[in-house]
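# Per-entry structural report
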Amino acid sequence: MPDVVVVGGGPVGACAATLLAQAGLSVTLLEPQPVAAPEAGAATDSRVVALSRASERILRSAGAWPGLAGSRVAAYERMRVWHERVAPFSEGALLFDAADAGEPNLGYILESRLLQWALLDAFRRAGGRLEPLAFAGLERGADALTVRTSGPPLTARLLLGADGARSAVREAAGLPAEVSAYRQRALVANVATARAHELTAWQRFLRDGTLAFLPLADGHSSIVWSVDEPRARQLLALSEGEFAAALDAASDLALGNITLVSERRDFELLRLHAPHYVSERIALLGDAAHVVHPLAGQGVNLGLLDAAALAEGVAQAVRRREDPGSLGVLRGYERWRKSEVALMAGAIEAFDRLLAHGTGPVARLAQGGLALVNRHEELRRLFIRRALGVTGELPRAAR
Ligand SMILES: Cc1cc2nc3c(=O)[nH]c(=O)nc-3n(C[C@H](O)[C@H](O)[C@H](O)COP(=O)(O)OP(=O)(O)OC[C@H]3O[C@@H](n4cnc5c(N)ncnc54)[C@H](O)[C@@H]3O)c2cc1C
């Protein structure tokens, strides 16, 4: 019997599975979708993620970093953030520079599928068993769970649900989730810009959403443009040339004229919070437990911290010869991560309400406040440490 069954081989499930396998547990990971490494020379996929320093450290601990270091990963050094009320290169824009905090960079931009592949590869190397099966239900026993799948059933002492926002594990475990739609969509595409991105992540808060340009290793940038649903439909209906012109206007030409170099994709934006991450022998991680707005690029970063915190608690329990699926062990994980996630989710909500959609006096204060942060070195350093993900109570793998 495997000690642990992990459902979902996305970045979070694959990371948790790898760290647990490295700790000597027998782990089976269920992921029905095939995942292949991007072919050398292939165009950059348009679904990319920004990873923090804390995530980099976790990936190093998991042995996945060597699979990532290479020509498809951009280390970004600066971040420029401004509200549409001010010009991008004015005093009112906020500039974070890694050098100001004595850091080589602020993090990394890479394709989601490359990250997933590197982690699954690390999992195999750590001796884990990857099964192309889907989770289909569970039955609780006294000392173990029976996990029904699209293939043969499995028994396990601990079941991890890392199967994303629409988690079937969460549902089967009877763990409720509070879900609400932002009524926004994120439009995603890769673009060429007339000006070089200078390894800078650019973000403009607009009255009707946010527009980010993430620098890619191939010299292009990945846009994440969050807008209300009617505007999203309108933008998706435009021709490529019209869409590029709309981007020119929305970016205030901070990077010069824009040309699309990939297809456009769109994602529904959800706000999801599970009041309980655990029950006896079951724990939720990543998007299965919490989904935040992508404007701060924190979803995977939060999920990798979940994975590291959970693996640390479970490995400790096994060393003490405790049952890794016991509620006491899992509650420790829940207490730790729920409070950290709540802090980050609250900050992201405030950014969305005040900077992206705010119109009242408090919003105007916050919009003008970007310049204030700029002028205070200490405050700027604090923001940089937040962006690096090195604040709060970190699992050992992230320190
Ligand atoms: C537009 C956009 C931009 C984003 N940018 C960033 C960013 O810059 N930085 C960042 O940190 N985050 C970002 N995020 C958030 C990030 O993509 C998610 O937080 C992250 O993918 C969550 O990872 P996960 O492993 O928890 O879930 P997922 O990535 O959703 O993976 C879940 C896995 O479970 C599998 N699965 C589902 N059902 C079953 C089943 N029944 N049985 C077995 N397996 C199953 C799926 O096949 C999938 O592989 C962004 C999100 C969006 C929408």
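Residues numbered from 1 in each chain as written. Predicted model: local features only at pLDDT ≥ 70, side-chain atom pairs only at ≥ 80, totals over all residues.

### Re the packing of helix H1 (residues 11-22) against helix H7 (residues 299-319)
For clarity, the threshold we go by: Here, axes are lines fitted to C-alpha atoms. For helices the fit covers the stretch in contact, and angles between N-to-C directions go from 0 to 180 degrees. Working definition: helices are DSSP H or I runs of at least four residues, strands are E runs of at least two. Numbering for both runs from the N terminus. We call two directions roughly parallel when the angle between them is under 35 degrees, roughly antiparallel when it is over 145, roughly perpendicular when it lies between 65 and 115, and oblique otherwise. Working rule for handedness: look at the near helix, and if it is turned counterclockwise from the far one by less than a right angle, call the crossing left-handed; if clockwise, right-handed. Any pair of residues counts as being in contact when their C-beta atoms, constructed from backbone geometry, are within 7 Å of one another. Under the scheme applied, nonpolar residues are Ala, Val, Leu, Ile, Met, Phe, Trp, Tyr, Cys and Pro; charged residues are Asp, Glu, Lys and Arg; polar residues are all the others, including Gly.
At a minimum axis distance of 9 Å, the contact between H1 and H7 shows a crossing angle of 25 degrees. Between H1 and H7, the crossing angle belongs to the class labelled roughly parallel. The crossing of H1 and H7 is right-handed. For the pair H1 and H7, contact is made by Pro11, Val12, Cys15, Ala16, Leu19 and Leu20 and by Val300, Gly303, Leu304, Asp306, Ala307, Ala308, Leu310, Ala311 and Val314, respectively. Looking at the contact of H1 with H7 residue by residue, the classes come out as 13 nonpolar, one polar and one charged.

### What to know about helix H3 (residues 112-125)
Stated formally: Helix span is expected to be 1.5 Å times the residue number reduced by one. Residue burial here comes from a neighbour count, namely the number of other C-beta atoms, placed from the backbone, that lie within 10 Å of the residue's own C-beta, with 20 or more meaning buried, 12 or fewer meaning exposed, and in between meaning partly exposed.
Look at H3: 20 Å from first C-alpha to last across 14 residues, which is about the 20 Å you get at 1.5 Å a residue. Turning to H3, its buried residues number three or more, namely Leu114, Leu115, Gln116, Trp117, Ala118, Leu119, Leu120, Ala122 and Phe123. Buried residues in H3 make contact with H1, strand E2 (27-30), strand E3 (48-51), strand E7 (107-111) and strand E8 (129-131). Of the residues flanking the end of H3, it is Gly127, one or two places downstream, whose phi is positive at about 90 degrees.

### Considering the sheet that holds strand E11 (residues 154-156)
The strands that make up a sheet pair up through hydrogen bonds in the backbone, lying either parallel or antiparallel. To keep it simple, the criterion reads: Only strands joined by at least two bridges in the DSSP assignment are considered to pair.
If you walk across this open sheet you meet the three strands as E9-E10-E11, and the pairing is antiparallel. On the outer flanks of this sheet lie strand E9 (135-140) and E11, each paired with one strand and no other. Each adjacent strand pair in this sheet contributes to an overall mean axis angle of 25 degrees, direction not counted. Bridge count between strand E10 (residues 145-149) and E11: three bridges; the pairing is antiparallel. Of the residues in E11, the one forming a bridge with Val147 is Leu154.

### Topic: the environment of Ala254
Along the chain, Ala254 turns up in the loop between helix H6 (240-250) and strand E17 (258-260). Taking C-alpha positions, Ala254 is 9.4 Å from Thr193, a pair spaced 61 residues apart along the chain. The contacts of Ala254, once residues within four sequence positions are left out, are Pro88 and Trp202.

### Some details on the site of the ligand
Applied cut-off: We call a residue near a molecule or strand when the C-beta position, derived from backbone atoms, sits within 6 Å of it.
Lining the immediate environment of the ligand, one finds 32 residues, of which Gly8, Gly10, Gly164, Gly286 and Gly299 sit closest. Looking at the shell around the ligand, the elements that each hand over two or more residues are H1, E3, strand E13 (178-193) and H7. Per-element tally for the shell around the ligand: the top contributor is H7, with four residues. Class assignment of the residues belonging to the shell around the ligand gives a composition of 17 nonpolar, 12 polar and three charged.

### Some points on the sheet that holds E2
The six strands lie next to each other as E8-E2-E1-E12-E20-E19, forming an open sheet whose pairing is mixed. Each of the sheet's edge strands pairs with one partner strand only, and the pair in question is E8 and strand E19 (278-279). As defined by bridge partners, strand E1 (residues 4-7) adjoins E2 across four bridges and the pair is classed as parallel. In the sheet register, Val5 faces E2, and the bridge partner there is Thr28.

### Structural notes on the packing of helix H2 (residues 53-61) against H7
Running from N to C, H2 and H7 point in directions that differ by 45 degrees, and their axes come no closer than 9 Å. Considering their axes alone, H2 and H7 lie oblique with respect to each other. As H2 runs across H7, the sense of the crossing is left-handed. Contacts from Ala54, Ser55 and Ile58 of H2 reach H7 at Val300, Asn301, Leu304, Leu305 and Ala308. Grouping the constituent residues of the contact of H2 with H7 by class yields six nonpolar, two polar and no charged.

### Here's the deal with the pairing of strand E5 (residues 78-83)
Summarising the sheet, E5 and strand E6 (residues 94-97) pair through four bridges and their orientation is antiparallel. Paired with Val81 across the two strands is Leu94, which belongs to E6.

### Notes on the nonpolar core
Filter applied, for reference: Residues enter a nonpolar core if they are buried, belong to Ala, Val, Leu, Ile, Met, Phe, Trp, Tyr or Cys, and are joined to the set through C-beta atoms within 7 Å.
Formed by 117 residues in total, the largest nonpolar core has its most connected members in Ala16, Leu159 and Leu285. Here this core takes 10 residues from H7, the largest share from any one element. Once you skip the residues sitting within four places of it in the chain, Leu159 turns out to touch Val5, Val7, Leu138, Leu145, Val147, Val169, Arg281 and Ile282.

### Here we look at the environment of Val224
Mapped onto the elements, Val224 comes out in strand E16 (residues 221-228). Owing to 22 C-beta atoms within 10 Å, Val224 belongs among the buried residues under this scheme. Separated by 80 residues in sequence, Val224 and Ala144 place their C-alpha atoms 43 Å apart. Apart from the residues lying within four places of it in its own chain, the contact partners of Val224 are Ala186, Val188, Ala212 and Pro294.

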